[in-house]
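Here are the chains, one letter per residue:
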Amino acid sequence: MFDIGSINIQYLAGIGPRKAAILKEELNIGSLHDLLYYFPYKYVDRSRIYLIREIDGNMPYIQLKGEILSAETIGEGRQRRWVAHFSDGTGIVDLVWFQGIKNVANRYKWHQEYIVFGKPTMYGGRVNIAHPDIDPASELKLTNMGLQPYYNTTDKMKRNYINSRAIEAMMQNAIKQLRDPLPETLTPTLLHTHHLMPLTEALTVVHFPTTPEQLRRAQYRLKFEELFYVQLNILHYATERQQKYRGYRFDTVGTLFNTFYAHHLPFELTDAQKRVLKEIRRDTGSGKQMNRLLQGDVGSGKTLVALMSMLIALDNGYQACLMAPTEILANQHYITICQLLAGMNIEVRLLTGSVKGKKRASILSGLLTKEIHLLIGTHAVIEETVSFAALGMVIIDEQHRFGVAQRARLWTKNLQPPHVLVMTATPIPRTLAMTLYGDLDVSVIDELPPGRKPIVTIHQYDAHRHTLYRTVRREIEKGHQIYFVYPLIKESEKIDLKNLEDGYGNICKEFSEYTVCQVHGKMKATDKDAQMQRFVSGEAQIMVATTVIEVGVNVPNASVMVIENAERFGLSQLHQLRGRVGRGAEQSYCILVTKFQLAEDTRKRIDIMVESNDGFEIAEADLKLRGPGDLEGTQQSGVPFDLKIADLSHDGQLLQYVRHIAEEIVADPAASLPENALLWKQLKVLQKNHANWAAIS
Ligand code: ADP
Ligand code: MG
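In this text, all values refer to a predicted model and were calculated from it rather than measured experimentally.

### Section: the overall build of the protein chain
Each helix and strand in the protein chain was counted, giving 24 helices and 22 strands. Here the protein chain holds 697 residues, and 53% of them are scored as buried. Taking contacts inside the protein chain between residues at least 6 apart in sequence as the whole, the part at least 24 apart equals 73%. Looking at the protein chain as shown, the accessible area adds up to about 32,300 Å², and 51% of this sits on carbon and sulfur atoms.

As structure tokens, then:
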């Protein structure tokens, strides 16, 4: 059968080896298949032709029909340009080229009818169109709708005359190759049940649409297929893994769990915590290996769920391990957990990068002899030298700091993989979670412990610092503690550190009667801990810090979070930071300090923060504002966001829809039906072409 994957584009009319090489290098387009699946990113309506006298200073892209009267090269150096004076009889516009001057000067003839397309601007009292698209009027062929497809191109492509128009021309030739329909990639049942356009038609229409309705249906078919296979891949992987690996069966909920529950728990669990614990007990008792993602907003009480899950493992004769992303956080977990378990016969140890020598050696041997039951630590716990006698449960806190590869290393710690619970307070929008962690089951703590007052968030301009200081002073007088947070990023580290130091100085002066401590990532770990400790103990009323305090740190007496240069933080980061307050019963405040002039996007971010306390809502908004590739955690996830046509921020509903379909196909014994063989075959093809698809784990 006709296989478009095996046809090299260099043999298509108008391409040739040189252009083919550039397309391969820049866009990884090698075959006819690759080319046809390179979709337009937009369509521009070119059904209307404007008159030059209609042009005003503020128009989007427009189309003119007329001829070049004369042309000249003017300017020197970087100002050098070729200007063609173009007229339709109602006025004159200047068409201007700064690049490829020789080429354009030779290409266009005077007094021939052209269609010019571009964005007009006013320059020196004349209308200019820089680097317009020009076609001889006799040659311009638009789609039946008058829509022109636009394709993304790179600088290098443009330099080599492969612009959007050139791709469009290639595409026209490519479509001509499709005289016979292509083999379908979805089954007749799927096509029929979900009213999907046949593949060949969809590929044709998406490049050269005939009606808006056809275009929509073509896009739907292609998005459906794309998302469907993403889900089929993940679900297939998850099922396979479950068949391959048995999980440890935790039969009993024993003495440790029950003793803790009855005598050590300082408060009643929330219903959400109880529900999640039930889910974990069901998983770990099933004989399958648990892979669960626990999402819960900051302060929702995930630590307790983690601890009680680990107790189930201990009750069944296994060890457990809790991994945190930073040393500060590991320390804090260690202290909290030791306090909660005081008086119970459980050996808990802390292992971080700074635990060395004899102490480390004794931990390593204690893990092998099973004298140590519960290990808490940082990345250090997954180093190769660390082995357990019987590791039954691993909890990964604040997962977005851990990459897929690090998670995968857990498998090598045992013959049989331990149960895994990944906890995160960066609520991942459902659509994204399904794509990123589609193989994990998801639990959600959607309830905060009782008695918490929603944090009040206020936006304040830099210039109104005195009001800010008044609020801060009032809170300190009530006996509360305050955070001041400054941004610190690598690219502007020097300036950022200086800002932090200046801020620290000012705050010390302003609040000279109080104690101020300071923590940032550039300090030695021991200094950091010492400063942190001053705040935790209540000795210092104010902490000036960078985002090192972002994750997990818990000081219930802190009631105000001031975020300086809030415009420089992302939404989820702001939400994380805000979560450091509001942990006690008192009213808490988050004050976002920004400069006066703000970009549109930034203002939206700040507004969302002021309006919403709901992490999921914020995460969804973040996804819409920034797109999935930029979301925290996704860069390291190992899952590529190279979706060609679907868009996670808009196609969430479709994603859920196709997930159900994929679930049925994976779960149903009919998966082995001849009809579905097509799907598995297609999945294999996709896995071969997407190296990272095969690696999802
Ligand atoms: P996070 O989910 O952000 O990790 P933590 O586990 O640190 O939250 O819990 C935040 C605070 O809430 C802690 O001080 C913890 O002791 C307290 N907490 C947890 N569960 C409950 C509960 N059911 N009732 C009251 N307080 C709780
Ligand atoms: Mg936590």
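### Some remarks on the site of ligand 1
Around ligand 1, the surrounding shell holds 17 residues, and the nearest of these are Gln273, Gly299, Lys302, Thr303 and Arg452. Between ligand 1 and Thr303, the relevant distance is 2.6 Å, taken from an oxygen atom to a side-chain nitrogen or oxygen of the residue. In this structure, Arg452 approaches ligand 1 through a side-chain N or O atom, which is 2.6 Å from an oxygen atom. Bound to the protein, ligand 1 loses 83% of the 560 Å² it would expose on its own. Sort the elements by how many residues they give to the shell around ligand 1 and helix α11 (residues 302-315) lands first, with 3 residues. Classifying every residue of the shell around ligand 1 gives 5 nonpolar, 7 polar and 5 charged.

### Some remarks on the sheet that holds strand β2 (residues 62-74)
Here we have 7 strands laid out as an open sheet, ordered β6-β7-β4-β3-β2-β5-β8, and mixed in their pairing. Edge positions in the sheet fall to β6 (120-123) and β8 (133-136), since each has one partner strand and no second. The average undirected angle you get between the axes of adjacent strands in this sheet is 45°. Pairing geometry for strand β4 (residues 92-97) and strand β7 (residues 126-130), over 3 bridges, is parallel. Residue pairing in the sheet places Leu95 in a bridge with Ile129 of β7.

### Observations concerning the confidence of the model for the protein chain
Confidence in the prediction for the protein chain averages 86 pLDDT; 90% of positions are at 70 or higher. Looking at the elements of the protein chain, mean pLDDT is at its lowest for helix α14 (residues 404-409), recorded as 55, and at its highest for strand β12 (residues 348-351), recorded as 97. Predicted confidence is poor over residues 631-640, with pLDDT under 50, and the contacts of this stretch with residues over four places away or in other chains come to 31 contacts.

### Concerning unusual backbone geometry
Residues apart from glycine generally show negative phi values, whereas peptide bonds are mostly found in trans. Phi is positive for Asn28, which is not a glycine, with a value near 55°. Take Asn28: it is sitting in the loop between α1 (16-27) and α2 (32-36). Here the phi dihedral of His131 falls at roughly 40°; this positive angle occurs in a residue that is not glycine. Looking at where His131 falls in the secondary structure, it is placed in the loop between β7 and β8.

### So, the sheet that holds strand β11 (residues 319-323)
Reading across from one edge, β12-β13-β11-β14-β15-β10-β16 is the order of the 7 strands in this open sheet, with parallel pairing throughout. Two strands bound the open sheet, and with one partner strand each, they are β12 and β16 (441-445). Pairwise comparison of adjacent strand axes, ignoring direction, gives a mean angle of 20° for this sheet. Both β12 and strand β13 (residues 374-377) contribute to a ladder of 4 bridges, which runs parallel. Considered in β13, the bridge of Val348 is made with Leu374. Contacts from helix α10 (residues 271-284) reach β10 (291-296), β14 (391-396), β15 (419-424) and β16, with the element oriented near 160° to β16.

### Examining the pairing of strand β20 (residues 542-545)
Burial along β20 is two-sided: Ile542 and Val544 facing one way and Met543 and Ala545 facing the other are all buried. In this structure, strand β18 (residues 481-485) lies alongside β20, joined through 4 bridges in parallel fashion. Counterpart to Ile482 in the pairing with β20 is Ile542. Pairing of strand β19 (residues 516-519) with β20 involves 4 bridges; the strand directions are parallel. What sits directly across from Val516, in β20, is Ile542. Crossover connection from β19 via helix α18 (residues 525-536) to parallel β20: handedness right-handed.

### A look at a negative patch on the surface
Taken together, Asp607, Glu611, Asp614 and Glu617 make up a surface patch of like negative charges. Following the sequence through the fold, Glu611 ends up in helix α20 (residues 600-611). Classification of Glu611 as exposed rests on a relative accessible area of 69%.

### As for α18
Between its terminal C-alpha atoms α18 stretches 16 Å, which fits the 16 Å expected from 12 residues at 1.5 Å a residue. Every buried residue belonging to α18 is among Lys528, Gln531, Met532 and Phe535, and all of these are buried. Looking straight down α18, one finds that the buried residues subtend no more than 100° of arc, so they occupy a single side. Buried-residue contacts for α18 involve α12 (327-341), β18, β19, β20 and β21 (558-563).

### Let's talk about α10
The terminal C-alpha atoms of α10, which comprises 14 residues, lie 20 Å apart, in line with the 20 Å expected from a rise of 1.5 Å per residue. All buried positions along α10 are accounted for by Ala272, Gln273, Val276, Leu277, Glu279, Ile280, Asp283 and Thr284. Projection of α10 onto a plane perpendicular to its axis shows the buried side chains occupying an angular sector of 155°, all on one side. When the buried face of α10 is taken as reference, the exposed residues oriented beyond 90 degrees from it are Asp271, Lys278 and Arg282. In this structure, the buried side of α10 is in contact with β10, α11, β14, β15 and β16.

### Notes on the packing of helix α19 (residues 571-578) against α20
Close contact between α19 and α20 brings their axes to 10 Å; oriented N to C, the two are set at 35°. Pair α19 / α20 crosses with right-handed handedness. The residues of α20 that touch α19, namely those facing Leu571, Leu574, His575 and Arg578, are Arg605, Ile608 and Met609. Taken together, the residues that form the contact of α19 with α20 break down as 4 nonpolar, 1 polar and 2 charged.

### Section: the packing of α11 against α12
Interaxial distance between α11 and α12 falls to 11 Å at its minimum, and their mutual angle equals 60°. Regarding the angle of α11 to α12, the classification is oblique. Handedness of the crossing formed by α11 with α12: right-handed. Counted together, Thr303, Leu304, Leu307, Met310 and Leu311 of α11 and His333, Ile337, Leu340 and Leu341 of α12 form the full contact between these two elements.

### With respect to the nonpolar core
The nonpolar side chains of a soluble globular protein tend to be buried with one another. Counting 43 residues, the largest nonpolar core has Phe260, Met310, Leu341 and Leu374 as the members making the most contacts within it. Here Leu374 is in contact with Leu307, Met310, Leu314, Ala320, Leu341, Ile346, Glu347, Val348 and Arg349, once residues within four sequence places are set aside. Counting residues in hydrophobic clusters, the runner-up holds 35 residues, among them Tyr37, Ile167, Met197 and Leu222.

### Here's the deal with the packing of aromatic side chains
All told, the structure shown has 17 aromatic pairs when counted by the stated rule. Taking 6.3 Å as the distance between ring centres and 20° as the angle between the ring planes, the aromatic pair formed by Phe224 and Phe228 counts as stacked. A residue pair is termed a helical-turn pair when its members lie 3 or 4 positions apart in one helix, as Phe224 and Phe228 do in helix α8 (residues 212-244) at 4 residues. One exposure class covers both Phe224 and Phe228, and it is buried.

Conventions and cut-offs
- Residues numbered from 1 in each chain as written.
- Chains lettered and ligands numbered in written order.
- Predicted model: local features only at pLDDT ≥ 70, side-chain atom pairs only at ≥ 80, totals over all residues.
- Heavy atoms only, no water.
- Helix = DSSP H or I, 4+ residues; strand = E, 2+ residues; numbered from the N terminus.
- Buried < 20%, exposed > 50% of the residue type's maximum accessible area, 1.4 Å probe, protein only.
- Contact = heavy atoms within 4.5 Å.
- Areas by Shrake-Rupley, 256 points an atom, 1.4 Å probe, with all protein chains shown as cover.
- Near = heavy atom within 4 Å.
- Polar contact = N/O pair within 3.5 Å; in protein donor to acceptor, adjacent residues only side chain to side chain.
- Nonpolar A, V, L, I, M, F, W, Y, C, P; charged D, E, K, R; others polar.
- Pairing = 2+ DSSP bridges.
- Axes fitted to C-alpha atoms, helices over the stretch in contact; angles between N-to-C directions.
- pLDDT = per-residue confidence, 0-100.
- Right-handed = clockwise from strand over helix to strand, strands pointing away.
- Patch = residues over 30% accessible without salt bridge, like charges linked within 9 Å, V, L, I, M, F, W, Y side chains within 5 Å.
- Salt bridge = Lys/Arg side-chain N within 4 Å of Asp/Glu carboxyl O.
- Lys, Arg positive; Asp, Glu negative; His and termini not counted.
- Charge placed at Lys NZ, Arg CZ, Asp CG, Glu CD.
- Expected span 1.5 Å × (residues − 1).
- Arc of directions from axis to C-beta.
- Left-handed = near helix turned anticlockwise from the far one by under 90°.
- Parallel < 35°, antiparallel > 145°, perpendicular 65-115°, else oblique.
- Core = buried A, V, L, I, M, F, W, Y, C linked by side-chain atoms within 4.5 Å.
- Phe/Tyr/Trp six-rings, centres within 6.5 Å; stacked < 30°, edge-to-face > 60°.

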